[in-house]
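Structure at a glance
The primary structure of each chain is shown beneath.
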Amino acid sequence: MCIDYRVLNNITVKNEYSLLWIQKCLDWIDKVWYLIKLNLTSDYYQVCITENDMKKTVFNTHYSKYEFTAMLFKLCNVLTTFQLMMNSILWNLLNKFCLIYLNNILIFFNSILNHQKHLWIILDILKKYKLYIKLSKCTVEMKTLKFCKHIVKQDTLQSVFIKISVIKNWSASKTAHYV
């Protein structure tokens, strides 16, 4: 089944909140020694729609009328709504030992002694808000990991080479028409 929400998206007031720049996020974690990456499962589907807004998601089938109770990826403002929700849940930890970019939570620390404490704080908060992580996408106690198309490791930050190799190998335009 395919539901077309273009009409609803066209009349929706767009959220003015902008997502963080990846580079700015990664600048905050310069010179960290240990990293943990948590990845939320079902991302946006964990965001409940308010009861007043559920009627806006109604769709009909041959059998009945249905309403969504969770955020749909096809709706505008989903990314910013999700980022705002995550920032508000973990606001007092941001940039101290935690960084959030959409469904990725990066926990960073310089001492292995802080590792468990910080991890449990984040996990308790996620549990309180009924947000779940996907264990297969999480990395714990790593000194090197991939985060938002970058490789983060001790004192170093690199772009994933495969992602930038296309740009590096791009041939120069021979005419002004292709510039």
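Residues numbered from 1 in each chain as written. Predicted model: local features only at pLDDT ≥ 70, side-chain atom pairs only at ≥ 80, totals over all residues. Heavy atoms only, no water.

**Focus: the overall build of the protein chain**
When its secondary structure is counted, the protein chain shows six helices and nine strands. For the protein chain, with 179 residues in total, the buried portion stands at 37%. Within the protein chain, contacts between residues separated by at least 24 positions form 66% of all contacts whose residues are at least 6 apart in sequence. In the form shown here, the protein chain has an accessible surface area of approximately 12300 Å², with 58% of it arising from carbon and sulfur atoms. (Helix = DSSP H or I, 4+ residues; strand = E, 2+ residues; numbered from the N terminus. Buried < 20%, exposed > 50% of the residue type's maximum accessible area, 1.4 Å probe, protein only. Contact = heavy atoms within 4.5 Å. Areas by Shrake-Rupley, 256 points an atom, 1.4 Å probe, with all protein chains shown as cover.)

**Digging into the packing of aromatic side chains**
One pass over the structure, following the stated rule, counts two aromatic pairs. Site record: aromatic cluster; members linked through ring pairs are Phe59, Tyr66 and Phe68. (Phe/Tyr/Trp six-rings, centres within 6.5 Å; stacked < 30°, edge-to-face > 60°.)

**Considerations on the confidence of the model for the protein chain**
Here the protein chain averages 79 in pLDDT, while 74% of its residues score no lower than 70. Summarising per-element confidence for the protein chain, the mean pLDDT is lowest in strand 9 (residues 156-159) (60) and highest in strand 3 (residues 65-66) (90). (pLDDT = per-residue confidence, 0-100.)

**Focus: the nonpolar core**
Ranked by internal contacts, the top residues of the largest apolar core, which has 33 residues, are Leu38, Met86, Leu90, Ile105, Ile107 and Ile122. For this core, the secondary-structure elements that each account for two or more residues are strand 1 (34-39), helix 4 (78-89), strand 4 (98-101), strand 5 (104-109) and helix 5 (112-128). Take this core: its biggest share by element is five residues, from helix 4. Aside from chain neighbours lying at most four places away, what touches Ile107 is Tyr34, Leu35, Ile36, Leu38, Phe97, Cys98, His118, Leu119 and Ile122. (Core = buried A, V, L, I, M, F, W, Y, C linked by side-chain atoms within 4.5 Å.)

**Let's talk about the pattern of salt bridges**
A full pass over the atoms with the stated rule returns one salt bridge. Asp53 is the salt-bridge partner of Lys56, the closest N and O atoms lying 2.8 Å from each other. With a relative accessible area of 47%, Lys56 lands in the partly exposed category. (Salt bridge = Lys/Arg side-chain N within 4 Å of Asp/Glu carboxyl O.)

**Considering a nonpolar patch on the surface**
A cluster of nonpolar side chains, Tyr45, Phe73 and Leu79, forms an exposed patch at the surface whose accessible area comes to about 310 Å². For Leu79, the location among the structural elements is in helix 4. Leu79 sits in the partly exposed class, given a relative accessible area of 33%. (Patch = residues over 30% accessible without salt bridge, like charges linked within 9 Å, V, L, I, M, F, W, Y side chains within 5 Å.)

**Points about unusual backbone geometry**
Across residues other than glycine, the phi torsion is negative in most instances, and most of the peptide bonds are trans. Located in the positive-phi region is Leu102, a residue other than glycine, with phi close to 55°. For Leu102, a relative accessible area of 12% gives the class buried. Phi is positive for Lys130, close to 55°, though the residue is something other than glycine. If you trace the backbone, Lys130 turns up in the loop between helix 5 and strand 6 (139-142).

**Notes on helix 4**
In this model, helix 4 (12 residues) spans 16 Å end to end at C-alpha, consistent with the 16 Å of a helix rising 1.5 Å per residue. Those residues of helix 4 that fall on the buried side of the exposure criterion are Val78, Thr80, Phe82, Gln83, Met85, Met86, Asn87 and Ile89. Taken together, the buried residues of helix 4 touch strand 4, strand 5 and helix 5. (Expected span 1.5 Å × (residues − 1).)

**Examining the pairing of strand 1**
A large share of strand 1 lies buried, amounting to six of its six residues. Residues Tyr34, Ile36 and Leu38 of strand 1 are buried on one face, and the alternating residues Leu35, Lys37 and Asn39, pointing to the opposite face, are buried as well. Both strand 1 and strand 5 contribute to a ladder of six bridges, which runs antiparallel. Bridge assignment links Leu38 to a residue of strand 5, and that residue is Ile105. (Pairing = 2+ DSSP bridges.)

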